[in-house]
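# A look at the structure
Listed here are the chains, written in short residue letters.
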Amino acid sequence: MSKRILVIEDNERNLYLVTYLLQQQGFEVCSARDGTAGIQRAVQERPDLVILDIQLPLMDGYEVARALREVDALNNTPIVAVTSYAMPGDREKALAVGCNAYLEKPIEPLTFVAEMRRILSEPSSARDPS
Ligand code: MN
């Protein structure tokens with residue numbers, strides 16, 4: 001069965017690119033454009049992986065990650081934070097709220113899907129518990 005990935009991203013072009021790259025490699029993709037919708041989608045769809053933009057309307061990606069970790073069924077779902085405005089400390093902040101990995105935009109089409117596969121194959125205990 002193909003793995004399902006939820007992409008929470010408000011930027012149309014990035015959402016299109018990420019969806020295209022993943023679908024081309026056989027992943028099922030669902031998406032949401034803001035944090036609230038993203039949390040709802042995650043609860044409904046129980047994706048195998050969440051790709052989470054940090055700069056989102058209504059609530060930012062850090063708040064979304066925290067909320068996802070409070071849902072028992074999503075506690076071990078890998079979350080990949082993606083940001084276009086990387087500041088010092090952002091990676092640490094993303095890991096601290098429960099993200100498993102942190103990527104800076106622009107998305108690199110040649111390596112992106114391989115990176116997602118790698119994260120999907122990691123045991124859930126690999127997540128930074130801090
Ligand atoms: Mn954004």
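Residues numbered from 1 in each chain as written. Predicted model: local features only at pLDDT ≥ 70, side-chain atom pairs only at ≥ 80, totals over all residues. Heavy atoms only, no water.

### Let's talk about the coordination of the manganese ion
To be explicit about the condition: Here the coordinating atoms are restricted to nitrogen, oxygen and sulfur within 2.8 Å of the metal centre, or 3.2 Å for Na, K and Ca, and because water is not among them the sites may look incomplete. Secondary structure elements follow DSSP: runs of H or I no shorter than four residues count as helices, runs of E no shorter than two count as strands, and numbering proceeds from the N terminus.
The protein atoms donating to the manganese ion are D10 (OD), D53 (OD) and Q55 (O), with metal-donor distances spanning 2.0 to 2.1 Å. Taken in sequence order, the residues that donate to the manganese ion follow the motif D-x42-D-x1-Q. With D10 in the loop between β1 (4–8) and α1 (12–24) and D53 in strand β3 (residues 49–53), this residue pair connects regions lying 43 residues apart in the sequence.

### Focus: helix α5 (residues 112–121)
How we decide: Relative accessibility thresholds used throughout: buried, under 20% of the residue-type maximum; exposed, over 50%; partly exposed, between the two (1.4 Å probe, protein chains only). Arc, as used here, means the arc of the directions from the helix axis to the C-beta atoms. In what follows, residue pairs with any heavy atoms lying within 4.5 Å of each other are defined as contacts.
Taken as a whole, α5 has its buried residues at F112, V113, M116, I119 and L120. One face of α5 carries all of its buried residues, which in axial projection span an arc of 120°. Turned more than 90 degrees from where α5 packs its buried face, A114 and S121 sit exposed. Elements in contact with the buried residues of α5: β1, α1, β3, β4 (79–83) and β5 (101–104).

### Some details on the packing of helix α2 (residues 35–45) against helix α3 (residues 61–69)
To be explicit about the condition: An axis is simply a line fitted to the C-alpha atoms; with a helix, the fit covers only the stretch in contact. Between two such axes, the angle follows the N-to-C directions and lies from 0 to 180 degrees. Oblique is the label for any angle not under 35 degrees, not over 145, and not in the 65 to 115 range, which are roughly parallel, roughly antiparallel and roughly perpendicular in turn. By convention the crossing between two helices is left-handed if the near helix lies anticlockwise of the far one by an angle smaller than a right angle, and right-handed if it lies clockwise. Any residue that is not Ala, Val, Leu, Ile, Met, Phe, Trp, Tyr, Cys, Pro, Asp, Glu, Lys or Arg is counted as polar, Gly included; the first ten are nonpolar and the last four charged.
Between α2 and α3, the shortest axis-to-axis distance is 10 Å and the interhelical angle comes to 25°. Classified by the angle between their axes, α2 and α3 sit roughly parallel to one another. When the axes of α2 and α3 are compared, the crossing they make is right-handed. From α2, G35, I39 and A42 reach across to α3, where they touch V64, A67 and L68. Residues that form the contact of α2 with α3 fall into these classes: five nonpolar, one polar and no charged.

### Here's the deal with unusual backbone geometry
Between K105 and P106 the backbone carries a cis peptide bond, its omega angle lying at 5°. Among the structural elements, P106 can be located in the loop between β5 and α5.

### So, the pairing of β1
To keep things clear, this is the line we draw: A pair of strands is labelled paired if DSSP reports no fewer than 2 bridges between them.
In terms of residue burial, β1 counts as a mostly covered element, since four of its five residues are buried. In terms of strand pairing, β1 meets strand β2 (residues 28–32) through five bridges, oriented parallel. If you follow V7 over to β2, its bridge partner there is S31. Taken together, the four bridges between β1 and β3 define a ladder with parallel strand orientation. Following the sheet pairing, I8 is matched in β3 by L52.

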